[in-house]
Amino acid sequence: MVVRVDRDKSFYYPPGITVTPSFFCIKVIRKCKKLCLNLYERNVEKEVEKIEFPPESRVGDVWFMKVDIRLKKTFEYAFEDENGHFADEYGKSFSGRDSFGKVSLIDNERRSPVYIADFDWGNDFDNVKAVEDKNLDTAFIYRLHVRGFTKSNSSKIVDKGTFKGISEKTDYLKKIGADFIDIMPATEFDEFIRVAGSFFSLFDKEKKEKIILNYWGYANSLNFAPKASYATKRYRNPVNEYKAMVKAMHEADIGVIQEFFFDKKSIGYIIDVLRFWKLEYHIDGFHLAGVNYCEEIVRDPYLLNSKFIFSNKIYDIRSENIISMDYDYMNNMRKYLKGDEGMIPFVSNAVSDKNGYLNFIADINGFSLADIYKYDYKHNDANGEDNADGSNMNFSWNCGFEGDTKKLQVLNLRKKMYLNAVLLLMISRGAVGVCSGDEVLQSKDGNNNTYCHDNDKSYFNWKLVNKNKDFLDFFVAMLEFRRKYILTGIDKHKISIHGMQVWKPDFEYYNRQMGMLIEGKTDIYIILNMHWDRHEFCLPTIKKGSVWHILVNTDDINTPFKGDGAVKVDNHRKIAVEGRSCVILVEKLI
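Because the structure is a prediction, the values reported are computed rather than measured. (Residues numbered from 1 in each chain as written. Predicted model: local features only at pLDDT ≥ 70, side-chain atom pairs only at ≥ 80, totals over all residues. Heavy atoms only, no water.)

A. Just the overall build of the protein, in detail. Of regular secondary structure, the protein possesses 13 helices and 31 strands. In terms of its C-alpha atoms, the protein occupies a principal-axis envelope of roughly 95 × 50 × 40 Å. The 590 residues of the protein split such that 58% are buried. For the protein, the share of sequence-separated contacts (at least 6 apart) that also reach a separation of at least 24 residues comes to 71%. Placing the 85 positive and 85 negative side-chain charges of the protein at their respective mean positions leaves the two points 2 Å apart. (Helix = DSSP H or I, 4+ residues; strand = E, 2+ residues; numbered from the N terminus. Buried < 20%, exposed > 50% of the residue type's maximum accessible area, 1.4 Å probe, protein only. Contact = heavy atoms within 4.5 Å. Lys, Arg positive; Asp, Glu negative; His and termini not counted. Charge placed at Lys NZ, Arg CZ, Asp CG, Glu CD.)

Here is the structure:
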């Protein structure tokens, strides 16, 4: 192969490789003394060409060159300096680690193809505009792991644990009413962590070392490329498979938010990554971990219409499309739900005057919703760290028995607690966040830190969709209630907080009861009683010609949501609410 290399104007091109019919330009940022570009045939170990960067093609730590050859479509490339081979940080796709968690691939070189196949987006731009109109700060955001969502045999699909698998579950995502899916890290991260010590691990016989499996993906990553092992094996085209997934979501009016983990990366690099994913993959927003809120990012001209979720709490947000994770909400709502004192001021604010935050009762880093009321303590022994990992501050309550039980009294109490948790989440101001599996009460056996579990502890159990259908139906019904009564006309609602006596809010430390009146086109009165005893609540006067009907009663664990069967109250002046129960009253004409 005859190769002509020169500097020309290759420094104008962006980092990575730019291919034309007659030449290509390459640019890389690397602190080294000597740098080579290696070209390979696909699936061949030895390079077919080693091209050295000329010394004059370097400015600082930026290397660039133009190469006058026509590249074959089967070519791949990587770099080599005096310390060995390394991948292109700006590579758009990678081979070498095509099977997730396969230890024999741990030292495989990652190579990037020189050509990326075209993709037909069809009318996706029209569908994107519809998603752009959705406000993030009132949305239902469904958080999932690409592999975990469909890897279980219970998913009953062929391409399990892949981007395509998400596409095949579009009907389910529509059924539960997701506005956006929030995808956990899915770029080309290294799922192997080499450490010493006593850990849950895979064992590499050749190297005699312990290796932790990083299932979640919070690690340094090649951020311009979707993870190859999350693509189907038959075609192994992660780029187009990811794009097809986005297109399918948009056709279903579901937005796509991709989570990125950045560790000690410059703002310039981060913006490069986000711009690329916005333009190339049509994603609707970004969940940023490892980087705090940054004006430079959210005001970037390419990203102005994007949605943003930040992990750090932001106290002064003035955009309906920028929200932050609210762990204070999670912890305080858990405290209130289990009957802790002093929570009424927080709860009254959360349901009446709170915005700009992503509310959630359970997060991936902590107990699942099911386990909050099954365990008092974490049970992380399977992680191999002597139960020392994971948070000890879970604010959970096992309802009288640790773990699984057949005691009907405990099971019924737990069911009521789950109903209460969903109800509180759905009536709160702000966005609603739910982790995959929580809507069907999937347990992780008390493990609150499943970062290393590529198994059924992490995989969505699709059998629970039918087994826990009653709870899922309540979840969906409460989401519909939220959209109809809480969100519709939200700016015109008049909201007031009450105690057991109307117009007399009770913020005493010992109090665990409150009421909330929403006056709108249809008046709603919500009663929360997290005390363990039954209490009598006075009811606000209703409009002439109307009467209060019970739409929701979580004490009725078998039929908590009445729907069209809403029951007229016997006494329009007061109502008795059982302990650890919530009631929603709706105004109806006589």
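So, next bit.
B. Layout of the pairing of strand β17 (residues 221–226). For β17, the buried fraction is high: six of the six residues fall into the buried class. Note: strand β13 (residues 187–189) against β17, three bridges, orientation antiparallel. Its bridge partner being in β17, F189 is matched across the sheet by S221. (Pairing = 2+ DSSP bridges.)

C. Looking closely at helix α8 (residues 327–337). Taken together, the buried positions of α8 are Y329, M330, N332, M333, R334, Y336 and L337. Elements in contact with the buried residues of α8: α9 (344–352), β22 (357–359), α10 (369–372), α11 (408–427), β25 (513–519) and β26 (524–529). The N-cap of α8, judged by a side-chain oxygen 3.2 Å from the amide nitrogen of D328 a few residues on, is D326. (Polar contact = N/O pair within 3.5 Å; in protein donor to acceptor, adjacent residues only side chain to side chain.)

D. Quick peek at the sheet that holds strand β28 (residues 546–553). Here six strands make up an open sheet; going across it, the order is β24-β25-β26-β31-β28-β29 and the pairing antiparallel. The sheet terminates laterally at β24 (494–498) and β29 (567–568), the two strands that pair on one side only. Inspection of the sheet shows β28 paired to strand β31 (residues 581–589) by seven bridges, in the antiparallel sense. Each residue of the ladder has a partner; that of V552, found in β31, is I584. Against the sheet, α9 engages β24, β25 and β26, with an angle of about 20° to β25. Of the strands in this sheet, β25, β26, β28 and β31 are in contact with helix α13 (residues 469–487), which crosses β28 at around 145°. (Axes fitted to C-alpha atoms, helices over the stretch in contact; angles between N-to-C directions.)

E. Broad picture of the confidence of the model for the protein. Per-residue confidence for the protein gives a mean pLDDT of 94; residues scoring 70 or more make up 97%. Considering only residues more than four positions removed or in separate chains, one finds that residues 197–201, a stretch of pLDDT under 50, has 16 contacts. (pLDDT = per-residue confidence, 0-100.)

F. Structural detail: the side chain of D371. Mapped onto the secondary structure, D371 falls in helix α10. Summary of buried charges: D371 has no salt-bridge partner, and the nearest side chain of opposite charge, K374, is 4.6 Å away. In contact with D371, not counting residues within four places along its chain, are S443, K444, D445, G446 and N447. (Salt bridge = Lys/Arg side-chain N within 4 Å of Asp/Glu carboxyl O.)

G. Molecular detail of the packing of helix α1 (residues 124–132) against helix α5 (residues 238–251). Close contact between α1 and α5 brings their axes to 9 Å; oriented N to C, the two are set at 60°. What the angle tells us is that α1 and α5 run oblique. The hand of the α1/α5 crossing is left-handed. Within the contact between the two elements, α1 uses D124, N127, V128 and V131 and α5 uses K247, H250 and E251. Looking at the contact of α1 with α5 residue by residue, the classes come out as two nonpolar, two polar and three charged. (Parallel < 35°, antiparallel > 145°, perpendicular 65-115°, else oblique. Left-handed = near helix turned anticlockwise from the far one by under 90°. Nonpolar A, V, L, I, M, F, W, Y, C, P; charged D, E, K, R; others polar.)

H. Here's a closer look at unusual backbone geometry. The phi dihedral of D445 falls on the positive side, at around 60°, and the residue is not glycine. Looking at the element boundaries, D445 is found in the loop between β23 (431–435) and α12 (464–467). The class of D445 is partly exposed, set by a relative accessible area of 40%. Even without being glycine, W503 reaches a positive phi, approximately 65°.

I. Molecular detail of the pattern of salt bridges. Per the stated rule, a full pass over the model turns up 41 salt bridges. Here D179 makes a salt bridge to K134, at a shortest N to O gap of 3.7 Å. Taken together, the residues span a long stretch of sequence, with D179 in the loop between α4 (170–175) and β12 (180–183) and K134 in the loop between α1 and β11 (140–144) at a distance of 45 residues. As far as burial versus exposure is concerned, D179 and K134 are alike and both buried. A network of salt bridges, in which partner residues are shared, links K46, E47, K50 and E80.

J. Molecular detail of the side chain of R110. Within the secondary structure, R110 sits in the loop between β9 (84–86) and β10 (112–113). For R110, a relative accessible area of 14% gives the class buried. Here the side chain of R110 touches E188 through a polar contact of 3.4 Å, side chain to side chain. A polar side-chain atom of R110 sits 3.4 Å from the main-chain carbonyl oxygen of F189. Here R110 is in contact with A78, A87, F94, S95, R97, E188, F189, D190 and L222, once residues within four sequence places are set aside.

K. Looking closely at the packing of α5 against helix α6 (residues 267–281). For the pair α5 and α6, interaxial distance at closest approach is 10 Å and the crossing angle is 70°. In terms of axis orientation, α5 runs roughly perpendicular to α6. Together, V239, Y242, K243 and V246 of α5 and W277, E280 and Y281 of α6 make up the contact between the two elements. Residues of the contact of α5 with α6, tallied by class, amount to five nonpolar, no polar and two charged.

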